[in-house]
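Remarks on the overall topology
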Amino acid sequence: MSRHHANWILTAQCPSKLGSVDVVTRFLKEQSCYINEQHSFDDKCAKRFFIRTVFEPQTESFDPVAFRDEFSLRAADFAMSYELTEPDYKVPVVIMVSKTDHCLNDLLYRHRAGKLAIDIKAVISNHPLLEPIVAWHGLPYHYFPVTAATREEQERQIWQVVQETGAELVVLARYMQVMSAEMCQKLAGRAINIHHSLLPGFKGAKPYHQAYDKGVKLVGATAHFINEDLDEGPIISQKVEVVSHSDYADDLVDKGRDIERLTLAHAVSCYAERRVFLYENRTVVFSR
């Protein structure tokens with residue numbers, strides 16, 4: 001199948017305005033593009049419109065440069081921002097990790113199996129422990145140790161890797177360091193973190209053991225964009241699992257890790273497939 005007869009993705013958002021669906025669908029018809037899938041949502045509170053359209057050009061003459069130029073003129077009338085993603089595009093990704101490997105292993109497997117539309121460029125860690133796993137996958141591993149005194153230099157090294165690899169997305173796969181406000185600003189909208197979601201909230205060491213002591217009945221995980229507020233960025237995906245009195249602390253740890261890896265993989269998949277829209281401190285996520 002040629003690129004012209006493969007699926008392209010057009011995503012856009014704009015202030016709510018009559019004709020916002022039509023400007024997309026009419027233009028695609030005029031360009032001889034067949035719509036295979038479409039999701040849209042109008043946020044009545046924010047007065048904001050979001051749309052994701054998967055389409056297939058019906059002619060060999062499809063020109064993405066001309067498409068962007070012509071659609072930009074139509075979109076301007078709606079103050080519409082948009083993105084056109086070509087078929088089979090793989091999002092360049094840098095993964096960050098500390099000592100725990102369950103989320104890293106899961107992403108590496110899905111990447112190797114072709115289950116995620118990502119291209120892992122490098123793995124960064126503040127510990128050397130997981131280098132053999134990454135080396136087995138043939139990927140670069142950057143060990144950047146950090147202390148309170150060296151944090152600024154370490155973040156400079158991280159940023160250099162992000163820039164040199166052309167990474168569009170940074171995935172914090174249980175990276176157990178708090179990033180500076182400056183680094184969070186640099187990575188705004190392009191860095192996803194994963195953490196446990198337990199009620200009541202348990203912070204500090206061994207949260208699942210604390211949860212066991214309180215007799216929790218649910219364990220969960222949250223994947224979100226990072227911001228300057230610790231674990232309070234715009235949420236992309238959340239999952240929960242029921243537990244009971246028969247689950248001991250180690251059982252909660254195992255179930256928690258399973259749900260963390262599933263939630264993170266789902267968030268990364270949604271981002272890579274252009275299903276996530278970020279607006280202010282909220283997200284719109286179109287499911288499959």
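Predicted, not measured: the structure shown is a model, and the values here were computed from it.

**Observations concerning the overall build of the protein chain**
- In terms of helices and strands, the protein chain carries eight helices and 13 strands.
- Taking 288 residues into account, the globule formula puts the C-alpha radius of gyration at 19 Å, and the protein chain, at 21 Å, falls close to it.
- For the protein chain, the C-alpha atoms occupy an extent of roughly 60 × 40 × 35 Å along the three principal directions.
- The proportion of buried residues among the 288 residues of the protein chain is 45%.
- Considering only contacts in the protein chain between residues 6 or more positions apart, those separated by 24 or more positions represent 67%.
- Only carbon and sulfur atoms are counted for the fraction: they give 52% of the accessible area of the protein chain, which is about 14700 Å².
- Computed over 33 positive and 38 negative side-chain charges, the separation of the two mean positions in the protein chain equals 3 Å.

**Let's talk about a nonpolar patch on the surface**
- Nonpolar side chains collect at one region of the surface, where L218, V240 and V242 lie side by side and expose about 300 Å² of accessible area between them.
- For V242, a relative accessible area of 62% puts it in the exposed group.

**Concerning the pairing of strand β3 (residues 48-57)**
- Along β3, nine of the 10 residues are buried, which leaves the element largely enclosed by surrounding structure.
- The pairing of strand β1 (residues 8-15) with β3 spans eight bridges and is antiparallel. Across the sheet, the residue bridging to T11 is R52, located in β3.
- Between strand β2 (residues 33-43) and β3, which pair antiparallel one after the other, the connecting turn spans four residues, and K47 there sits at a positive phi close to 50°.

**A closer look at the pattern of salt bridges**
- Inspection of the entire model under this criterion finds 14 salt bridges.
- K255 is the salt-bridge partner of D247, the closest N and O atoms lying 3.2 Å from each other.
- Relative accessible area serves as the criterion here: at 11%, D247 is assigned to the buried category.
- Note on K255: relative accessible area 24%, which makes it partly exposed.
- Bridged by salt links that share partners, the residues E37, R52, E273 and R275 form one connected network.

**Some thoughts on the UniProt feature "active site" (unreviewed entry) in the protein chain**
- Cross-referencing UniProt, the feature "active site" (unreviewed entry) maps to D231 in the present numbering.
- Position of D231 relative to the elements: it lies in the loop between β10 (218-225) and β11 (235-242).
- With near-sequence residues (within four places) excluded, D231 lies in contact with N193, H195 and H224.

Conventions used here
Residues numbered from 1 in each chain as written. Predicted model: local features only at pLDDT ≥ 70, side-chain atom pairs only at ≥ 80, totals over all residues. Heavy atoms only, no water. Helix = DSSP H or I, 4+ residues; strand = E, 2+ residues; numbered from the N terminus. Rg over C-alpha atoms; globule rule 2.2 N^0.38 Å. Buried < 20%, exposed > 50% of the residue type's maximum accessible area, 1.4 Å probe, protein only. Contact = heavy atoms within 4.5 Å. Areas by Shrake-Rupley, 256 points an atom, 1.4 Å probe, with all protein chains shown as cover. Lys, Arg positive; Asp, Glu negative; His and termini not counted. Charge placed at Lys NZ, Arg CZ, Asp CG, Glu CD. Patch = residues over 30% accessible without salt bridge, like charges linked within 9 Å, V, L, I, M, F, W, Y side chains within 5 Å. Salt bridge = Lys/Arg side-chain N within 4 Å of Asp/Glu carboxyl O. Pairing = 2+ DSSP bridges. UniProt positions renumbered as here; feature names shortened; annotations may be inferred.

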